[in-house]
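# Chain and residue survey
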Amino acid sequence: VQLQASGGGLVQAGGSLRLSCAASGRTFSTYGMAWFRQAPGKEREIVAGISWSGSSTYYVDSVKGRFTISRDNAKDTVYLQMNGLKPEDTAVYYCAGARVGTTYYIRENDYDYWGQGTLVTVSS
């Protein structure tokens, strides 16, 4: 399975972006998926996760109420809608897929597939 992330860019504080992660592979619909991010000088952290069906989601506290993760299994794509962006959201965002189980995981070590990353820069 290959993951291709896109949609990053430069946006002013308060603005919005939608990230997309397109997957190749026949079993995408069974994978738990997530978005992680890594800011300069910081460790990579999970931002949001979603189960295979989309019925279960997770958000890190800092993005709750601003970000929404979703997926379209017919299109083999997972999305991250980011509203109310803040300068502290600046990071490289990565999508990740977990082959085992059908839910999301919090730890990055539980994910088997990673996209190449897309840079989000939020100016103040």
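For the structure, check the block above.
Quick caveat, the model's predicted, so the values are computed rather than measured.

Right, let's talk about the side chain of Thr90 for a bit. Mapped onto the secondary structure, Thr90 falls in the loop between strand S8 (77-82) and strand S9 (91-98). In terms of polar contacts, Thr90 uses its side chain to reach the backbone carbonyl oxygen of Pro87, at 2.9 Å. Of note is the side chain of Thr90, whose polar atom sits 2.9 Å from the backbone nitrogen of Val122. Every residue in contact with Thr90, bar those within four places of it in the chain, is listed here: Ala39, Pro40, Val120, Thr121 and Val122.

What follows is about the sheet that holds strand S1 (residues 2-6). Strand order across the open sheet formed by four strands is S1-S3-S8-S7, with antiparallel pairing between neighbours. The sheet is open, and its two borders are formed by S1 and strand S7 (67-72), each paired with just one other strand. Strand after strand, the sheet turns through a mean of 15° between neighbouring axes, direction not considered. In the sheet, S1 pairs with strand S3 (residues 17-24) via five bridges, with the strands oriented antiparallel. Along S3, the bridge assignment pairs Gln4 with Ala22.

Turning next to the state of the cysteines. Inspection of the entire model under this criterion finds one disulfide. At a sulfur-sulfur separation of 2.1 Å, the disulfide partner of Cys21 is Cys95. Judged by the sign of its S-S torsion, about 65°, the bond between Cys21 and Cys95 is right-handed. In this pair, Cys21 sits in strand S3 while Cys95 sits in strand S9, placing the two residues 74 residues apart along the sequence. Cys21 gets classed as buried once you look at its relative accessible area, which sits at 0%.

This paragraph deals with the nonpolar core. Core analysis: the biggest nonpolar cluster contains 30 residues, and Trp35, Leu80, Met82 and Tyr93 have the highest contact counts within it. Contributions of two or more residues to this core are made by S1, S3, strand S4 (32-38), strand S5 (45-50), S7, S8, S9 and strand S11 (118-123). Here this core gets four residues from one element, more than from any other, and that element is S3. Ignoring anything within four residues of it in the chain, the contact list for Met82 reads Gly15, Ser16, Leu17, Leu19, Arg66, Phe67, Tyr93 and Val120. By size, the runner-up hydrophobic cluster in this structure holds seven residues, among which are Ile46, Ala98, Tyr104 and Tyr111.

A side chain of one charge can pair with a side chain of the opposite charge if their charged atoms are brought near each other. One pass over the structure, following the stated rule, counts seven salt bridges. Asp89 is paired through a salt bridge with Arg66; the nearest N and O atoms lie 2.7 Å apart. Highlighted residues: Asp89 in the loop between S8 and S9 and Arg66 in the loop between strand S6 (57-59) and S7, separated in sequence by 23 residues. Note on Asp89: relative accessible area 1%, which makes it buried. A salt bridge links Arg99 to Asp112, with the shortest nitrogen-to-oxygen separation between them at 3.9 Å.

In this section: the environment of Gly14. Within the secondary structure, Gly14 sits in the loop between strand S2 (9-12) and S3. Among the residues examined, Gly14 registers a relative accessible area of 54% and is labelled exposed. Those residues within four positions of Gly14 in sequence are excluded, and the remaining contacts are Gly84 and Leu85.

Basis of the calculations
- Residues numbered from 1 in each chain as written.
- Predicted model: local features only at pLDDT ≥ 70, side-chain atom pairs only at ≥ 80, totals over all residues.
- Heavy atoms only, no water.
- Helix = DSSP H or I, 4+ residues; strand = E, 2+ residues; numbered from the N terminus.
- Polar contact = N/O pair within 3.5 Å; in protein donor to acceptor, adjacent residues only side chain to side chain.
- Contact = heavy atoms within 4.5 Å.
- Pairing = 2+ DSSP bridges.
- Axes fitted to C-alpha atoms, helices over the stretch in contact; angles between N-to-C directions.
- Disulfide = S-S within 2.5 Å.
- Buried < 20%, exposed > 50% of the residue type's maximum accessible area, 1.4 Å probe, protein only.
- Core = buried A, V, L, I, M, F, W, Y, C linked by side-chain atoms within 4.5 Å.
- Salt bridge = Lys/Arg side-chain N within 4 Å of Asp/Glu carboxyl O.

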